[in-house]
Amino acid sequence: MPKHFLMCRPEHFTVAYAINPWMNPDAGADRDVAIRQWEGLKAAYEELGHQVSLIDPVEGLPDMVFAANGATVVGGRVYGARFAFPERGPEGPAYLRWFEEQGYPVRAAEHVNEGEGDFLTLDEVILAGTGFRTDTKAHLEAQEFLGRPVISLSLVDPRFYHLDTALFSLDGRNVAYFPGAFSQGSQEVLRRLFPEAVLATAADAEVLGLNAVSDGEHVVINSEATALQLELKRRGYEVIPVELSELRKAGGGPKCCTLEIRA
Ligand SMILES: CN(C)C(=N)NCCC[C@H](N)C(=O)O
């Protein structure tokens, strides 16, 4: 099934502030390299037959390339983001405006949530991260608006500050994740819900290998996550490695650049 993604070209990308442990404003980031790598990701989706829509980047919002944080879209309903840090605050209304202009029913969030960074939609439930960014009150708000059961999971390692840095959906029913990113209780929940899950190593998590996008057959994944790629191949997935090292300097990978518009 072809998917519909929203992406934002990193025309204003830079690392100007540090709001997660990956970011170092003194280290510098090369915007041209970031754009080239992002174009590679977009091309990979299009070659797989997925539709990519684009939102205009806004000057002064260097993290806007991380479209996954812009909203959560389930059944055509758009639950807006409300960012934890003021540096990213204006992105929420910018993404919501785009969806409004396209005619989607939208809801501006009352509670802090960073879109698909912390809301991961499966066929029957939504997994929701908390601990660093998204408030648990937003989990309930999302459940009410989107009409799907929301399961809260606690993140405990600041390098994995969003759920989508530590877990991704393989096919809507099963997931891959890095256990060390979660509290003991949440690890138990994950084991119970997903006994067949793919468990990633710390080395794969540390290159944001879990920040991947699967359409159920193909997995678009950071090229450096080598052990995880082997395991995915062993399970029958076609692996599409992409190079996004420049965007990782801001703490993002393929999934971060990709907001799924679920009809
Ligand atoms: C993992 N997903 C969607 C993300 N994890 N987004 C990347 C956000 C990066 C940004 N500098 C920030 O810290 O908010």
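What counts, and at which threshold
Residues numbered from 1 in each chain as written. Predicted model: local features only at pLDDT ≥ 70, side-chain atom pairs only at ≥ 80, totals over all residues. Heavy atoms only, no water. Helix = DSSP H or I, 4+ residues; strand = E, 2+ residues; numbered from the N terminus. Buried < 20%, exposed > 50% of the residue type's maximum accessible area, 1.4 Å probe, protein only. Contact = heavy atoms within 4.5 Å. Phe/Tyr/Trp six-rings, centres within 6.5 Å; stacked < 30°, edge-to-face > 60°. Disulfide = S-S within 2.5 Å. Salt bridge = Lys/Arg side-chain N within 4 Å of Asp/Glu carboxyl O. Pairing = 2+ DSSP bridges. Right-handed = clockwise from strand over helix to strand, strands pointing away.

The protein is annotated in an unreviewed UniProt entry as Dimethylargininase of Nonomuraea typhae.

**Remarks on the environment of Val-189**
Looking at the secondary structure, you find Val-189 in helix α4 (residues 184-193). The exposure class of Val-189 is partly exposed, given its relative accessible area of 30%. As for Val-189 and Ser-152, which are separated by 37 residues in sequence, their C-alpha atoms are 9.5 Å apart. Those residues in contact with Val-189 that lie beyond four places of it in its chain are Ile-151 and Leu-153.

**Quick look at the packing of aromatic side chains**
Counted under the stated rule, the structure contains six aromatic pairs. Seen in terms of ring centroids, Phe-5 and Tyr-45 are 4.6 Å apart; in terms of plane orientation they differ by 50 degrees. Their pairing is tilted. In this pair, Phe-5 is assigned in strand β1 (residues 4-7) and Tyr-45 in helix α1 (residues 31-47), connecting sequence segments 40 residues apart. For the pair shown, Phe-5 and Tyr-45 are each scored as buried. Site record: aromatic cluster; members linked through ring pairs are Trp-98, Phe-99 and Tyr-104.

**Some thoughts on the state of the cysteines**
All chains considered together, the criterion is met by zero disulfides. The thiol sulfur of Cys-8 is not disulfide-bonded, and the nearest other cysteine sulfur, from Cys-257, lies at 9.3 Å.

**A word on the pattern of salt bridges**
Enumeration according to the criterion identifies 18 salt bridges in this entry. Linking Lys-42 and Glu-46 is a salt bridge whose minimum nitrogen-to-oxygen distance equals 3.3 Å. With Lys-42 and Glu-46 both in helix α1 and four residues apart, this pair spans about one turn of that helix. Here Arg-234 and Glu-231 are joined by a salt bridge, their closest N and O atoms 2.9 Å apart. With a gap of three residues between them, Arg-234 and Glu-231 both fall in helix α6 (residues 226-234), about one helical turn apart. Through salt bridges that share partners, Lys-3, Glu-116, Lys-255, Glu-260 and Arg-262 make up one connected network.

**Quick word on the pairing of strand β4 (residues 77-80)**
The sheet contact formed by strand β3 (residues 71-74) and β4 spans four bridges and is antiparallel. Following the sheet pairing, Val-73 is matched in β4 by Val-78. The antiparallel hairpin formed by β3 and β4 contains two residues in its connecting segment, where Gly-75 sits at a positive phi of about 55 degrees. Looking at chain direction, β4 and strand β5 (residues 106-107) are connected through two bridges and run parallel. Bridging across to β5, Tyr-79 finds its partner in Arg-107. Of the crossover connections in this fold, the one passing from β4 over helix α2 (residues 91-101) to the parallel β5 is right-handed.

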